[in-house]
Amino acid sequence: MKVNINGESKAILAVWFEENQVKLIDQRKIPETIEIYSAKNSDDIYYAIKNMVVRGAPAIGVTAAYGLAMASKNMEDMEKAVKTISSSRPTAYDLFKAIDFMKANNFSESAARRYALEITERSRKIGEYGNTLIQANDHILTHCNAGALAVVDWGTALAPMRIAHDSGKKIFVYVDETRPRLQGAKLTAWELQQEGIDYSIIADNAAGYFMKNGDINLAIVGADRIAANGDFANKIGTYEKAVLAKVNNIPFYVAAPGSTFDFSLKTGEGIPIEERDENEVLMVNNSRLGPAEGHAKNPAFDVTPHEYVTAFITEYGIFRPEELRKLHSLIHED
Ligand code: MRU
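Counting restarts for each chain, with residues numbered from 1 along the sequence as it is written. Whole-chain, interface and lining totals are the exception, using all residues; otherwise, since this is a predicted model, local features are given only for residues with pLDDT of at least 70 and side-chain atom pairs are given and counted only at 80 or more.

Let us look at the sheet that holds strand β7 (residues 172-176). Strands are labelled as partners when DSSP assigns at least two bridges between them. Elements are defined by DSSP. Helices are runs of H or I of four residues or more, strands are runs of E of two residues or more, and each kind is numbered from the N terminus. Strand order in the open sheet made by the seven strands is β8-β7-β6-β9-β12-β17-β18, with mixed pairing throughout. If you trace the sheet from one side to the other, it starts and ends with β8 (198-202) and β18 (317-319), each paired once. Each strand of the sheet is rotated relative to its neighbour by a mean of 25°, with strand direction disregarded. Of the strands in this sheet, β6 (139-142), β7 and β8 touch helix α7 (residues 183-195), which is tilted by about 160° from β7. Angles shown run from 0 to 180 degrees and are taken between the N-to-C directions of axes, each axis being a line fitted to C-alpha atoms and, for helices, limited to the stretch in contact. What counts as a contact is two residues whose backbone-derived C-beta atoms lie within 7 Å of each other.

What follows is the structure in structure tokens.
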């Protein structure tokens, strides 16, 4: 991704491996500053994923892959390292896909590098397929951050927008702020700004207003885990946006690589939903919302039933929910 550092445009990745350390753009600090977090062992990887130094399904997978390669080089107890990293966050399937991939490849550094390169290339392909769905002057809604920061580069939901913009189509993006962690307002808006794509941040509860007014004609979001029937988990608030899109006849696309599809689950019912600390909801910039003795509930994801999905944009092409069996075979053959 392009990043403006002191007036100079530089290319940077969200995650990389250098001198036996896993380097991460600290996503808790964006957009205020670009700081690099260096993970030196599997406990640091656990900390980084759990506390969202790195977040977004594919980026979590890549971090785990590099983390296991690093742990193996450090001669850590690999059973313990796998257990620690697996317990960091439950919902994104990429984490478990990456761990299985590394187990099957003896935790080698070259395998982790291949995993990271492949996911980056897959995201670019998602961008190319997704670009075919975007027309000049489209007004596109997105939720959370499914951009370069959430992968290594390109992104999933944002990749089609980036390619559409680079190919000269003028587009406008409605960015849901995405309470409570504000991945939309902080991360997606920052990425669009770096790329020179026009956008406005909207309050989470404003999407219906803009849809009903005819201001939004397309929605593209990412996913954390997709079941065999097309039900999918994504950032909390995605479900209501999908329902609103259907009511307003707006196509609703989910962009995700093969590594996010969990074909072992028939429906979305079995997707584990992470419940995060109530303080993410209760505290804003160190001040407390509501009464001192008040409590909050904080599910990090919701599951959208497949009937609200127009199609999935993947590196293998674009598939309607009823066509996912075909995608399953393609992933299997790969
Ligand atoms: O809690 P987060 O920020 O990790 O949630 C991220 C999302 O919900 C993204 O939309 C999803 O991981 C897709 S990222 C390409």
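Counting residues in each nonpolar core, the largest one holds 103 residues, and the members touching the most others are Ala65, Leu68 and Ala219. Of the residues forming this core, the biggest block, eleven residues, is contributed by helix α2 (residues 57-73). For Ala65, the contacting residues outside a window of four places in its chain are Ala98, Phe101, Met102, Ala112, Tyr115 and Ala116. For this analysis, nonpolar core means a set of buried Ala, Val, Leu, Ile, Met, Phe, Trp, Tyr and Cys residues linked through C-beta atoms within 7 Å. Counting other C-beta atoms within 10 Å of a residue's C-beta gives its exposure: the residue is buried at 20 or more, exposed at 12 or fewer, and partly exposed in between, where C-beta atoms are placed from the backbone.

Look at the UniProt record and you will see "binding site: substrate" (unreviewed entry) annotated at Arg55, Gly56, Ala57, Arg89, Gln183, Asn234 and Lys235. Along the chain, Arg55 falls in the loop between α1 (42-50) and α2. Take Arg55: there are 26 C-beta atoms within 10 Å of it, and that puts it in the buried class. Those residues in contact with Arg55 that sit more than four places away from it in its chain are Gln27, Ile60 and Ala150. Mapped onto the elements of the fold, Lys235 is located in strand β11 (residues 232-235). The class of Lys235 is buried, set by 27 C-beta atoms lying within 10 Å. Setting aside residues up to four positions removed in sequence, Lys235 forms contacts with His143, Cys144, Thr178, Gln183 and Phe301. UniProt positions are given in the numbering used here, feature names are shortened, and annotations may be inferred rather than shown by experiment.

What follows covers helix α6 (residues 158-166). The buried count for α6 comes to eight of nine residues, which makes it a mostly enclosed element. For α6, the complete set of buried residues consists of Leu158, Ala159, Pro160, Met161, Arg162, Ile163, Ala164 and His165. Downstream of α6 by one or two residues, Gly168 has phi in the positive range, about 95°.

To continue, consider the environment of Glu323. By the secondary structure assignment, Glu323 is in the loop between β18 and α11 (324-333). Judged by C-beta crowding, with 14 C-beta atoms within 10 Å, Glu323 ranks as partly exposed. Here the alpha-carbon distance between Glu323 and Phe312, two residues eleven residues apart in the chain, equals 9.5 Å.

Taken in spatial order, the four strands of this open sheet run β13-β10-β11-β16, and their pairing is mixed. Pairing within the sheet leaves two strands with one partner each, and these edge strands are β13 (261-262) and β16 (301-304). Pairing analysis gives four bridges linking β11 to β16, with the strands arranged antiparallel. Bridge pairing links Asn234 to Asp302 in β16. Each of β11 and β16 touches helix α9 (residues 238-247); the most contacted strand, β16, lies at about 30° to it.

Segment limits for the domains were obtained from an automatic or database-derived domain assignment. Partitioning the protein into domains gives domain 1 (1-117) and domain 2 (126-331). With centres defined by C-alpha atoms, the gap from domain 1 to domain 2 works out at 22 Å. Listed by partner, the interface residues are 27 residues for domain 1 and 28 residues for domain 2. Those elements giving two or more residues to the side of domain 1 that touches domain 2 turn out to be β1 (2-5), α2 and α4 (93-104).

Nearness between a residue and a molecule or strand is assessed with a C-beta atom placed from the backbone; a distance within 6 Å qualifies. Around the ligand lies a shell of 18 residues, among which Arg55, Ala146, Ala150, Gly222 and Lys235 are the nearest. Looking at the shell around the ligand, the elements that each hand over two or more residues are α2 and β11. Split by residue class, the shell around the ligand holds nine nonpolar, six polar and three charged. Shared between two domains, the shell around the ligand holds at least three residues of each, these being domain 1 (1-117) and domain 2 (126-331). Nonpolar residues are Ala, Val, Leu, Ile, Met, Phe, Trp, Tyr, Cys and Pro. Charged residues are Asp, Glu, Lys and Arg, and all others, Gly as well, are polar.

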